[in-house]
Amino acid sequence: MTEDAIDEAAIARAGRILKDGGLVAFPTETVYGLGGDALNPESSKKIYAAKGRPSDNPLIVHVCRWEDVAPIVEEIPKEAEKLAAAFWPGPMTMIFNKSSLVPYETTGGLDTVAVRFPSNKIAAAMIRAGGGYIAAPSANKSGRPSPTEALYCKEDLDGKVEMIIDGGQVGIGLESTIIDLTEEKPTILRPGYITKEMLEKVLGEVDVDRTIIAPNSGIRPKAPGMKYRHYAPQGDLAIVEGSPEHVVSYINEACGKAKAEGKVTGIICTDETRDRYQADYVYSAGTRSDEETVARQLFKILREFDDDGAQVLFSESFAGGGICMAIMNRLMKAAGQKVINADRESAEGGST
Ligand code: AMP
Ligand code: MG
């Protein structure tokens, strides 16, 4: 179905499944979610089991009306009202102190709860039909890239969910921005489509969790899910940064070497550089002139490498402001934080 042509009978069926404690995978504007009744501890347990997700990694509670937030939180800070007015419905999740209505099974044992009001109309209709509070992590097997199309939900969760709603390819392609409002200063726990700059226009200065800026620091991230290795393709991925010239020649040379050893090679690049690479699989994620295109394609490409059987993988770097912070956060996780500086390699190796 599409947002403009909602299949009411299918939504009613999804609603019944959710109210009976079952699971439904569904589209949102960010990625596909795996939904269950957020106020039913048994449903949350089922979500963890279906994904193979560690039970200390809390679920985001999805609502479809602003007035539904109050009953599940202790209090609504002023900042939350401002952020909701600016960005809800939309790709932003806020952390509140939870009320007793929300079971600890849903929050991974925490006294806080993550809440999001998605803008996707199919999601909103399903949340309403399911009772108004739907716990939903991304609808992938734990550790794999989040699904941006219904077929990827089927790939990961077939037989483990009662229903998958196909709403086509999602618009954004990366999970929501998470902002914590339970600390003295609002803090971004996970970067997303709603950028630091956008949040600061509404709130003034916001902090970014240290672990996002310095992923190798060994500090424990505030969002429990951010500590897990995630999105990783089966092949060995490295990010290559530096001047475009050095990046292209480093990656081509490294792929040539890997190929000579009989390895299957793959590259993530952009429309601007696509024709300059040689490897078994060269995917342009989008264009540098509009990095939202890269956000939309990234997870799909990471999944495709697995289908291709690619073993040695390189990606161009997407360091920068705005949406790039979210792109790099996911890419760094996929690469196990491995970054190569092509300028330095070229100076040391003299290969270009
Ligand atoms: P996903 O549902 O796959 O998008 O993952 C949800 C993310 O939200 C994970 O990184 C969780 O750790 C994070 N999260 C959910 N609830 C909380 C919370 N109460 N406090 C901090 N992080 C949370
Ligand atoms: Mg996820």
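The structure contained in this document is the topic of the report that follows. (Residues numbered from 1 in each chain as written. Chains lettered and ligands numbered in written order. Predicted model: local features only at pLDDT ≥ 70, side-chain atom pairs only at ≥ 80, totals over all residues. Heavy atoms only, no water.)

A few points about the site of ligand 1
Okay, so step 1: Of all residues adjacent to ligand 1, which total 20 residues, the nearest are Thr112, Pro137, Ser138, Arg190 and Gly225.
Okay, so step 2: Within the contact set of ligand 1, an oxygen atom lies 3.0 Å away from a side-chain nitrogen or oxygen of asparagine 57.
Okay, so step 3: Contacts to ligand 1 include arginine 190, whose side-chain N or O atom sits 2.9 Å from an oxygen atom.
Okay, so step 4: In this structure the site holding ligand 1 corresponds to the largest pocket.
Okay, so step 5: Looking at the shell around ligand 1, the elements that each hand over two or more residues are strand 5 (112-116) and strand 9 (187-190).
Okay, so step 6: A total of three residues in the shell around ligand 1 trace back to one element, the largest contributor, which is strand 5.
Okay, so step 7: For the shell around ligand 1, the class distribution of residues is 13 nonpolar, four polar and three charged. (Near = heavy atom within 4 Å. Polar contact = N/O pair within 3.5 Å; in protein donor to acceptor, adjacent residues only side chain to side chain. 1 Å grid on protein atoms, 1.4 Å probe; cavity = no way out; pocket = protein on both sides within 12 Å on 5 of 7 lines; lining within 4 Å. Sits in = over half its atoms within 2 Å of the grid points. Helix = DSSP H or I, 4+ residues; strand = E, 2+ residues; numbered from the N terminus. Nonpolar A, V, L, I, M, F, W, Y, C, P; charged D, E, K, R; others polar.)

Some details on the sheet that holds strand 13 (residues 281-284)
Okay, so step 1: Pairing is parallel across the open sheet formed by five strands, whose spatial order is 13-12-14-11-15. Each edge of the open sheet carries a strand with a single partner, namely strand 13 and strand 15 (339-341). Going from strand to strand, the sheet's axes swing by 25 degrees on average, the running direction of each strand aside.
Okay, so step 2: Judged from the five bridges that link them, strand 11 (residues 236-241) and strand 14 (residues 312-316) form a sheet pairing that is parallel. Looking at the pairing, valine 240 lines up with glutamate 316 of strand 14.
Okay, so step 3: On the sheet, helix 8 (residues 244-260) packs against strand 11, strand 12 (265-269), strand 14 and strand 15 and is oriented at approximately 175 degrees with respect to strand 14. (Pairing = 2+ DSSP bridges. Axes fitted to C-alpha atoms, helices over the stretch in contact; angles between N-to-C directions. Contact = heavy atoms within 4.5 Å.)

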